[in-house]
Amino acid sequence: MTSRERFLAACAAEALDRPPLWVMRQAGRYLPEYRALKAKSSFLEMVRTPALATEVTLQPLRRYALDAAILFSDILVIPEALGQGYHFRDAGGIGMEFRMESRAQVDALAPADAVPERLHYVAETLGMLKRELAGSRALLGFGGSPWTLATYMVEGGSSDEFERIKQLFYTERGMFDILLEKITSALIAYFKLQIAAGADAIQIFDSWGGIIAGQDYETASLRWIRQIVAALPPEFPVILYAKGTAPHVLDQAFTGIRVLSVDWTNDLAMVRRTLPANVAVQGNLDPVLLNTTPEIVRHETTRLLEAMRGTRGHIFNLGHGIMPHARLECMQALVDTVTNWR
Ligand code: CP3
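The model shown is predicted, which means the values in this text are computed figures rather than measured ones.

1. What about helix H11 (residues 173–196)?
Given a rise of 1.5 Å per residue, 24 residues ought to cover 34 Å, and the 34 Å separating the end C-alpha atoms of H11 matches this to within 8%. Backbone geometry just downstream of H11 places Gly-198 in the positive-phi region, at approximately 120°.

Next up, the structure:
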């Protein structure tokens, strides 16, 4: 069976001899070949130039026997397409062009129809990747969740306390809802473009789902995700990643997604037992393990594989993105352990 078939079988919660494997942020700064390309082109240039984005996407697949490729891009291309650009702050983290503070600024955002044209380069990149991969490995598209994107837009970039987005949520719910509706419509147009261009699955990153009060997670985040899933083709593999939302795994599983990607603080085998059998799980090794030693990686990877033995519907991954200081030999140990396990 090809890697692509293995990946899609896991999404459909079918029985497999070993889980498929990919790694969040598998293309990035821990790879010397990525750093070499980035010395010549900026991150934004690489994202916007289909030949470069294709090359960066394929870099980890040349080195490692991963079962899926993930489009090289960023979740912030959506705010950018709506009229709010982004950059990297010298001190680290994201800076947006301005803060989304007024109803007039929300009204001035571009309509969802503008997305396919403004993000046409993503469709081109996916088309190039589809041809390069020729069905050998799964091809993943992705985007941020409406809530996670709204945090960047309203905070004006990366944030520690998320005070502004919470202020907006609690004091101006009408404006919050209009902003989230706009982002949701843009994401629906964007994911349809990715699916039309050949994505086999879409991952939605609700990276900041865990910062809102538990009783408000539904209203702040989950309801918008449910709308997105409902607007995509029935049964299309949508993967939801959320960080710090362990109490909500069942509600997340019932949004219509096919795969729930679980962070490293959760017990994956327990989540597997809790969820309906037709919803797969993805995860969830602690990314920091890849900054330790190959022996430790082999040991912890085997422990997780054994804990999941006999279950259906598991995609092996980390519990969050790989870190810039990850060691290549640790990544190799992860790949060897998962792909040789039976
Ligand atoms: O997984 C992959 O290999 C695909 C590429 C990918 C990137 N960003 C490339 C990237 C994906 C899936 C993302 C998603 C993303 N971007 C998320 C959600 C996932 C998560 O980590 O929770 C978020 C919150 C962002 C926003 C973002 N982009 C941040 C916070 C940063 C780091 C900024 C910093 O302090 O350096 C980025 C930059 C970014 N996106 C890099 C990469 C490879 C690093 C850019 C570089 O310096 O080369």
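2. A short note on helix H8 (residues 120–133)
End to end, H8 covers 20 Å across 14 residues, agreeing with the expected 20 Å (1.5 Å per residue, within 8%). For H8, the full list of buried residues reads Tyr-121, Val-122, Ala-123, Thr-125, Leu-126, Gly-127, Leu-129 and Leu-133. Just downstream of H8 lies Ala-134, where phi reads positive at about 45°.

3. Some words on the pairing of strand S4 (residues 138–144)
Within S4, seven of the seven residues are buried, leaving the element largely enclosed by the surrounding structure. Two strands pair when backbone bridges link them, and S4 and strand S5 (residues 201–206) are joined in this way by five bridges, in the parallel orientation. Bridged to Gly-144 within S5 is Phe-205.

4. A look at the side chain of Arg-272
Mapped onto the elements, Arg-272 comes out in helix H14 (residues 268–274). Summary of buried charges: Arg-272 has no salt-bridge partner, and the nearest side chain of opposite charge, Asp-267, is 11 Å away. Looking at Arg-272, its side chain comes within polar contact range of the main-chain oxygen of Arg-312, at 3.0 Å. Leave out the neighbours within four places in its chain, and Arg-272 touches Ala-277, Val-279, Ala-280, Val-281, Met-308, Thr-311, Arg-312 and Gly-313.

About the criteria used
- Residues numbered from 1 in each chain as written.
- Predicted model: local features only at pLDDT ≥ 70, side-chain atom pairs only at ≥ 80, totals over all residues.
- Heavy atoms only, no water.
- Helix = DSSP H or I, 4+ residues; strand = E, 2+ residues; numbered from the N terminus.
- Expected span 1.5 Å × (residues − 1).
- Buried < 20%, exposed > 50% of the residue type's maximum accessible area, 1.4 Å probe, protein only.
- Pairing = 2+ DSSP bridges.
- Lys, Arg positive; Asp, Glu negative; His and termini not counted.
- Salt bridge = Lys/Arg side-chain N within 4 Å of Asp/Glu carboxyl O.
- Polar contact = N/O pair within 3.5 Å; in protein donor to acceptor, adjacent residues only side chain to side chain.
- Contact = heavy atoms within 4.5 Å.

Interpretation in functional terms is not warranted from these geometric data alone.
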